[in-house]
Amino acid sequence: MSEDLLTVTDLVVDYGKIRALKGLSLRVAKGELVAVIGSNGAGKTTTLRTLSGLLKPTSGTITFDGKSLVGLRPDQIVLRNVAHVPEGRRVFSGQSVRDNLLLGAYVRLRHGDSAAVEDDIERMYQIFPRLKERVNQQAGTLSGGEQQMLAIARALVAKPRLLLLDEPSMGLAPVIIDEVFGLIERLKAARETTILLVEQLAYRALEVADRAYVLAQGAVQLSGTGRELMGNEEVQRAYLGARKT
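Every value quoted in this text rests on a predicted model; they were computed, and no experiment measured them.

Draft legend 1. Looking closely at the overall build of the chain. In terms of helices and strands, the chain carries 11 helices and 10 strands. On C-alpha atoms alone, the chain measures out to a radius of gyration of 18 Å, which is about the 18 Å that the 2.2 N^0.38 rule sets for 245 residues. Reported as C-alpha extents along the three principal axes, the dimensions of the chain are approximately 45 × 45 × 35 Å. Residues classed as buried in the chain amount to 49% of the 245 residues present. Of the roughly 11,400 Å² of accessible surface on the chain, 48% is carried by carbon and sulfur atoms. Charge centroids of the chain, computed over 32 positive and 28 negative side chains, lie 3 Å from each other.

Written as structure tokens, this is what we have:
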């Protein structure tokens, strides 16, 4: 695998008196898909929110493409080509599908990249035909699965070098989960976007991941390739008991 694009070292994050991350360290190489799994409260979402600047670390380093992200505002991190698809989707409910996509491409539009943005929006409609069918519909009226598709498409039109995906399966029907993970697999195969995936459905995350980290109580408990962790008895007992046959 190529050189590391993201390196996190000894990251500590506090919520008041509660220490959510306790010296977390991980790395993601260029073009790699890395998954983070763990039980509720393990620190998965906190990790992504800290990487995207929504939370400020107490200590530790976050290095992206050789430069520190610590202390930067979320909009400054977006300018570094990091896109975050948050837990719960967080679409702009009162805006149309198209306007949500344009908002995702805001930085590119500011730099006069409008023709290329239109091409990429059309590509999103090809990937997600249902979004094209609902192009003028308010995002808040879409189904949960459609909102998740829109949230991912909105991030992709930003042309991120690093895509942070937080619980993309949450609240979705199994058939829609299959669609979402089919897209994640296609993104991985293209190797154009580096992906850090947080996912509660551990078996789905490990199936698609190049490498993965298991978090417990705010720190890395285990790490390895997706295949290695799928075969790990401790991981199987704790996280794969509900795996589909």
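Read on for the rest.
Draft legend 2. Molecular detail of the pairing of strand E4 (residues 59-64). As paired elements, strand E1 (residues 4-15) and E4 share 5 bridges and run antiparallel to each other. Bridging across to E4, Thr9 finds its partner in Thr61. By the bridge criterion, 2 bridges tie E4 to strand E5 (residues 67-68) in an arrangement that is antiparallel. Within the sheet, the bridge partner assigned to Phe64 lies in E5 and is Lys67. In textbook terms, the turn of a hairpin is the stretch between consecutive antiparallel strands, and for E4 and E5 this stretch comprises 2 residues, one of which, Asp65, has a positive phi near 50 degrees.

Draft legend 3. Geometry of helix H5 (residues 114-127). For H5, which comprises 14 residues, the first-to-last C-alpha distance of 20 Å matches the rise-based estimate of 20 Å (1.5 Å per residue) to within 8%. Listing the buried residues of H5 in full gives Val117, Asp120, Ile121, Met124 and Tyr125. Around the axis of H5, the buried residues are gathered within 150 degrees of arc, so they sit on the same side. In H5, the exposed positions angled more than 90 degrees off the buried face are occupied by Ala115, Asp119 and Gln126. Elements that come into contact with the buried residues of H5 comprise helix H3 (97-104), helix H4 (106-110), helix H6 (129-133) and helix H7 (144-156).

Draft legend 4. Molecular detail of the sheet that holds E5. Pairing in this open sheet of 4 strands is antiparallel, and the strands run E2-E1-E4-E5 from one edge to the other. Edge positions in the sheet fall to strand E2 (18-29) and E5, since each of these pairs with one other strand and no more. One ladder, built from 9 bridges, connects E1 with E2; its direction is antiparallel. Within E2, the position partnered with Tyr15 by the bridge is Ile18. Taken strand by strand, helix H1 (residues 44-51) contacts E1, E2 and E4, and its axis lies near 115 degrees from that of E1.

Draft legend 5. Representation of the pairing of strand E7 (residues 162-166) in the model. Among the 5 residues that make up E7, 5 are buried, leaving the element largely enclosed by the rest of the structure. Side chains Leu162, Leu164 and Asp166 of E7 all project onto a buried face; the interleaved residues Leu163 and Leu165 project onto the opposite face, where all are buried too. Strand direction decides the pairing type here: strand E6 (residues 82-85) and E7, joined by 4 bridges, are parallel. Pairing of His84 across the sheet is with Leu164, part of E7. Bridge analysis of E7 against strand E8 (residues 194-198) gives 5 bridges, and the strand direction is parallel. Paired with Leu164 across the bridge in E8 is Leu196.

Rules used throughout
Residues numbered from 1 in each chain as written. Predicted model: local features only at pLDDT ≥ 70, side-chain atom pairs only at ≥ 80, totals over all residues. Heavy atoms only, no water. Helix = DSSP H or I, 4+ residues; strand = E, 2+ residues; numbered from the N terminus. Rg over C-alpha atoms; globule rule 2.2 N^0.38 Å. Buried < 20%, exposed > 50% of the residue type's maximum accessible area, 1.4 Å probe, protein only. Areas by Shrake-Rupley, 256 points an atom, 1.4 Å probe, with all protein chains shown as cover. Lys, Arg positive; Asp, Glu negative; His and termini not counted. Charge placed at Lys NZ, Arg CZ, Asp CG, Glu CD. Pairing = 2+ DSSP bridges. Expected span 1.5 Å × (residues − 1). Arc of directions from axis to C-beta. Contact = heavy atoms within 4.5 Å. Axes fitted to C-alpha atoms, helices over the stretch in contact; angles between N-to-C directions.

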